[in-house]
Amino acid sequence: MGKFVGQRYESLGNYKSHFLDQSMLCIEAINAKVFIQNYDNSIFRITVSKGGGLPPFSYAVIKNPLKTNFTIKEDKEKLILNRDKIRLVFQKNPLRISITTLKGKVINADDENLGCGWMGDEVSCYKKLNPNERFVGLGEKTGPFDKRGKSYTNWNSDVFGYSTEADPLYATLPFYIGINEGLYYGIFFDNTFKSTFNFGASNNRFVSLKAAGGYLDYYFIAGENIAQIIQSYATLTGTMQLPPKWSIGLQQCRYSYYPAHELLSIAKNYRDREIPCDVIYYDIHYMDKYKVFTWDEERFPDPVQTNQNLHDMNFKTVCIIDPGVKVEKGYHVYEDGLKNDAFIKYPDGENYQADVWPGWCHFPDFTNEKTRQWWSTYFTQLSTEGIDGFWNDMNEIASWGQDTPDIVEFDFEDLGASHKAAHNVYGMQMARATRQGAINANPKERPFILTRAAYAGIQRYAALWTGDNTATDEHLLLGARMVTNLGLVGIPFCGYDVGGFLGDTSPYLFARWIQMAAFAPFFRIHKMVNSKDSEPWSYGEEVEAIAKNFIELRYRLMPYLYSLFFEASQSGMPVCRTLMIDHPDDENVYKPDFENQFLLGESLLICPQKSTTTISKVYLPKGDWYLLYNDQKFKGGQVHLLETPIEILPVFARASSCFTEQSITQYWNDKHDGILRIHHYKGKKDYQFLHYEDDGISLKHEKNHFLKRNISFNHKKNTLNISEAVGKFKSKYHTVRIYLHGFPKNETQHTFRFIEPLPNFDPFYTPIDFIYECKGLNFIEQKLHRNGEALEILLK
């Protein structure tokens, strides 16, 4: 070979020496240094540095390494570091890293000849691709659930009407989980530059992670199961704060509702039709010529009164906030931004401008703490005017042209950085500043922030939705996969635009979408400007009745949902869970026919369907399952065919499990009948569920003003136990009513409906009688002790 054109790949080279520095192992190779830090004996940080140092900080990681003394075994060929359950092996010549079990079975290993290295500024790591290895995660990604054979790029992008194979999208969430023949691990690549993950795309040799600059800095997480890995990742990057309960209800949005009387009309329609709903949105047309922190005085001459009217109907309000600040003399935000030196700049000091909704704009430097503080001061006025939550959009940064110059400079927490390093964290830091503004404006209540752009750790600041989807069956199913993938990467509060943001939504597509979305963490209907209406009643009487059924079911399940949100805030476990969390080695859960199915918590299995489907093929994992609507029992580990007319979505309850329910309410703090209904399904395993309550809006839960009770089933004793109440909060329920599903029928026959049969809208269709009712249930009702004593109930 002659003279090599361009930059050639350069790896670490051979081992030279190693030493222990406090709780860190430092290995020096010919071309770089490798630093190993221990975070909890199952999490190891591996940093490769040409310059000889560690990254100065992380926007994502909040956990500190342990101060642990390493014991190193050494021979001529390798260094060995043993921990509780895994072993790190460092081959010396050339320097390569592998992680094994204590018995020596390889979990993950560098490619022997490639390993870690550089091509110019680009950093990369090549790992062996095992024959049957699967890969899941990366959050907001299109394509199949199993990422093997695919390559994905992380570069936050405004992708209007993206396809079901488009990449990249709006968020950078560089964490994946590997499933390797009964061994499981996670890798979080903490690098904010443009990065790429290759899971065997165009090659059969390696998995690679690479970035356009910065450090090769990744965290290896070992776990005996997938749940352990998710929870370990949550300890690294944090968990979401418990959101206000109203944000878990239905949210109605359009680009845009205006003038003021249109918002009020939408709200009144919901209340008149008795369809539960909690939130109405202001999209960009509420602003004066799209200028942030302003109102259009013609469309909304009295926003205080408009919001008061909405509040009187028990609606909360959320308004959109974009980052662009219009360059306009006399505009108070622009003038104040100049005064506070708040905007990102070219290297010569000139403020960067780009064209977006208001026209030519400057953009705040959210990587500067002073700018975040400045930005946060603007939310008090909106809060005073009656706005309850804030929606950050266009924060990739998006602009017309979609090409922010790489030379633009950011503060980057006083370090200074180009757009290459700052781009992927811009939206996250905007959400951080917005959250602080909401807290400053209303310090006694929990904030609700929604964001489009994100980086790892965003769950600490905001919920996330998946951007500008389209009205197709393929996007409906993609939404299910995206939400479960986001749950794997620490973002439990997430969702999609119900019905599809772009395109005309057919009535049956809306019906299928809202059925699925009723079980999603973030539940919002949203539609594009200049398109048909997209409220439940706008699709005809039949679909309105279907939508009402499933929206009401969501509100009935609110005690269960809210308890799952509490669990997510504590452990990082998703609200909506891919089946592979419990069944990672079951090949069926990765198949295209079944990869969209998900669990709500541990108890309910939801099987999304296309708008044209009337016969559904579903896969039930190992164990017994009960069809929610009539208690028909199904064996797991099998594929089943079900007749599913448009009003029925296949939903199953897991044997042995419990979930909680209340009477129908129209909004989050509407008065229910005071009865906590517990549905228990006969099975052969023990089961435990934590019921959680608080006031749903204040921060008092941080000071023990909550109520927690364990609801557990003891299979051997055949008892259902409700533990003693913990916490200072007085329950809103005075009675517990237990429905026993799958148990022998007694003399008293009880019937229970989760949804109501539809009126006969179609004269050629006869409803299936058996599908709507759980008949012949045993029924136990008992007053809850005023002092919260425990209950033990024998199930007969």
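Counting restarts for each chain, with residues numbered from 1 along the sequence as it is written. Residues qualify for local features only when their pLDDT is at least 70, as the model is predicted, and side-chain atom pairs are given and counted only at 80 or more; totals for whole chains, interfaces and linings, by contrast, use all residues. Hydrogens are left out, water is left out, and the side-chain values use all remaining heavy atoms of the structure.

Colleague: So what exactly am I meant to see when it comes to the overall build of the protein chain here?
Modeller: Under the DSSP-based scheme used, a helix requires at least four consecutive residues in state H or I and a strand at least two consecutive residues in state E, with every element numbered from the N terminus. Regarding its fold elements, the protein chain presents 11 helices and 51 strands. What the globule rule says is 2.2 Å times the number of residues to the power 0.38, and the radius of gyration is computed from C-alpha atoms. Taking 796 residues into account, the globule formula puts the C-alpha radius of gyration at 28 Å, and the protein chain, at 27 Å, falls close to it. Residue burial in the protein chain is summarised as follows: out of 796 residues, 64% are buried. A separation threshold of at least 6 residues defines the contact pool for the protein chain, and within that pool the share at least 24 residues apart is 69%. Each accessible area is a Shrake-Rupley estimate made with a 1.4 Å probe; only the visible protein chains count as cover when residues are assessed. For the protein chain, the accessible surface area stands at approximately 30000 Å², while carbon and sulfur atoms represent 47% of it. Side-chain charges of the protein chain comprise 87 positive and 95 negative groups, with the mean position of each set lying 7 Å from the other. Working definition: with a 1.4 Å probe on protein chains only, accessible area under 20% of the residue-type maximum means buried, over 50% means exposed, and in between means partly exposed. By definition in these notes, contact holds between two residues if any of their heavy atoms fall within 4.5 Å. This count recognises Lys and Arg as positive and Asp and Glu as negative, with His and chain-terminal groups excluded. Working definition for charges: the position is that of NZ of Lys, CZ of Arg, CG of Asp or CD of Glu.

Colleague: I keep staring at the packing of aromatic side chains and nothing clicks. Help me out?
Modeller: Two descriptors summarise a pair of aromatic rings, namely the distance from one centre to the other and the angle between the planes of the rings. Only Phe, Tyr and Trp rings are paired, with Trp represented by its six-membered ring, and only when their centres lie within 6.5 Å; those with planes under 30 degrees apart are stacked, over 60 edge-to-face, the remainder tilted. Applying the stated rule across the entire model yields 63 aromatic pairs. Summarising the aromatic geometry, the rings of Tyr176 and Phe199 are spaced 5.0 Å apart at their centres and angled 80 degrees between planes, so their arrangement reads as edge-to-face. Pair noted here: Tyr176 is in strand 16 (residues 175-180) and Phe199 is in the loop between strand 18 (195-198) and strand 19 (206-211), with a separation of 23 residues, a long-range link. Considering the side-chain rings of Phe366 and Trp375, the 5.0 Å spacing of their centres and the 85 degrees angle between planes classify their relative orientation as edge-to-face. Members of the aromatic cluster, joined through ring pairs, are Phe293, Phe343, Phe366, Trp374, Trp375, Tyr378, Phe379, Phe390, Phe410 and Tyr426. A cation over a ring is seen here: Arg524 above Tyr281, with NZ or CZ 5.0 Å from the ring centre. Across the ring face of Trp465, the terminal group of Arg524 is positioned such that the distance to the ring centre comes to 5.1 Å. Put simply, a charge is over a ring when the Lys NZ or the Arg CZ is close to the ring centre, within 6 Å, and near the line of the ring normal, within 35 degrees.

Colleague: Just checking my understanding: could you explain the layout of surface pockets for this structure?
Modeller: The rolling of a water-molecule-sized probe over the atoms marks out the regions of remaining empty space. With a 1 Å grid laid over protein atoms only, a set of points is called a cavity when a 1.4 Å probe fits there but cannot get out and a pocket when it is open yet has protein on both sides within 12 Å along at least five of seven lines; lining residues have an atom within 4 Å of a point. Grid points are joined across faces, edges and corners, and a volume is the space filled by probe spheres set on the points. Estimates place the volume of the largest pocket at around 520 Å³. Lining the largest pocket we find 27 residues, and of these Asp582, Lys622, Arg654, Ala655 and Lys685 sit closest to its centre. Going through the elements one at a time, helix 1 (226-237) and strand 35 (576-578) are the ones with two or more residues in the lining of the largest pocket. Considering every element that reaches the lining of the largest pocket, the biggest residue donor is helix 1, with 3 residues. Note on residue classes: Ala, Val, Leu, Ile, Met, Phe, Trp, Tyr, Cys and Pro are nonpolar, Asp, Glu, Lys and Arg are charged, and everything else, Gly too, is polar. Class assignment of the residues belonging to the lining of the largest pocket gives a composition of 7 nonpolar, 9 polar and 11 charged.

Colleague: Explain empty space enclosed by the protein here, please?
Modeller: Throughout the structure, instances matching the rule amount to 3 cavities of 30 Å³ or more. Within this model, the largest cavity holds a volume of roughly 120 Å³. Taken together, 15 residues form the lining of the largest cavity, with Gln241, Arg435, Ala462, Ala463 and Phe493 sitting closest to its centre. Looking at side-chain class alone, the lining of the largest cavity contains 12 nonpolar, 2 polar and 1 charged residues.

Colleague: I'm lost on the pairing of strand 2 (residues 15-21) in this one. Help?
Modeller: A regular strand places its side chains so that they alternate between the two faces of the sheet. When DSSP locates at least two bridges between a pair of strands, those strands are taken to pair. When strand 2 meets strand 3 (residues 24-29), the two strands line up antiparallel, connected through 6 bridges. Paired with Tyr15 across the bridge in strand 3 is Ala29. What sits between strand 2 and strand 3 in their antiparallel hairpin is a turn of 2 residues, with Gln22 showing a positive phi close to 55 degrees.

Colleague: Help me understand the environment of Asn191 in this model?
Modeller: In this structure, Asn191 sits in the loop between strand 17 (183-189) and strand 18. Put simply, Asn191 and Thr719 are 528 residues apart on the chain and 51 Å apart in space, counted from C-alpha to C-alpha. Once you skip the residues sitting within four places of it in the chain, Asn191 turns out to touch Val123, Ala211, Gly213, Gly214, Tyr215 and Tyr455. Here a polar contact means two N or O atoms within 3.5 Å. Within protein one must be a hydrogen donor candidate and the other an acceptor candidate, and residues neighboring in sequence count only if both atoms are side-chain atoms. A polar atom in the side chain of Asn191 sits 2.8 Å from the backbone nitrogen of Phe193. There is a polar contact of 2.8 Å between the side chain of Asn191 and the backbone oxygen of Tyr215.

Colleague: Mind showing me how you'd approach the sheet that holds strand 3 here?
Modeller: Pairing between sheet strands relies on hydrogen bonds along the backbone, with the strands arranged either parallel or antiparallel. Sheet architecture is open: 8 strands sit in the order 2-3-4-5-20-17-16-13, paired in antiparallel fashion. The open sheet terminates on both sides in strands that have one partner only, identified here as strand 2 and strand 13 (134-137). Between one strand axis and the next, the sheet turns by 20 degrees as a mean value, whatever way the strands run. Here 5 bridges tie strand 3 to strand 4 (residues 33-38), and the two strands are oriented antiparallel to one another. Along strand 4, the bridge assignment pairs Leu25 with Ile36. Comment: axis = line fitted to C-alpha atoms, over the contacting stretch for helices; angle = value between 0 and 180 degrees taken between N-to-C directions. Lying over the sheet, helix 1 contacts strand 5 (43-49), strand 16, strand 17 and strand 20 (216-223), oriented at roughly 140 degrees with respect to strand 20.

Colleague: What is the right way to look at the packing of helix 9 (residues 507-517) against helix 10 (residues 541-556) in this model?
Modeller: A packed helix pair is summarised by two numbers, namely the angle formed by the two axes and the spacing between the axes. Where helix 9 meets helix 10, the axes come as close as 9 Å, and the angle between the chain directions of the two elements is 5 degrees. By the criterion of interaxial angle, the relationship of helix 9 to helix 10 is roughly parallel. Contact residues: helix 9 offers Pro507, Tyr508, Phe510, Ala511, Ile514, Gln515 and Ala517, while helix 10 offers Glu542, Val543, Ile546, Ala547, Phe550, Ile551 and Arg554. A breakdown of the residues in the contact of helix 9 with helix 10 according to their chemical character gives 11 nonpolar, 1 polar and 2 charged. An angle below 35 degrees is read as roughly parallel, one above 145 as roughly antiparallel, one from 65 to 115 as roughly perpendicular, and any other as oblique.

Colleague: Sorry, what's going on with the pattern of salt bridges here?
Modeller: When a carboxyl oxygen of Asp or Glu lies within 4 Å of a side-chain nitrogen of Lys or Arg, that pair is called a salt bridge. Enumeration according to the criterion identifies 39 salt bridges in this entry. Across the pair Asp272 and Lys268 runs a salt bridge, and its minimum N-O distance is 2.6 Å. Here Asp272 and its partner Lys268 are both found in helix 2 (residues 260-273), 4 residues apart, which amounts to about one turn of the helix. Across the salt bridge formed by Asp497 and Arg524, the nearest N and O atoms sit 2.9 Å from each other. You can see Asp497 sitting in strand 33 (residues 494-498) and its partner Arg524 sitting in strand 34 (residues 522-525), a full 27 residues away along the chain.

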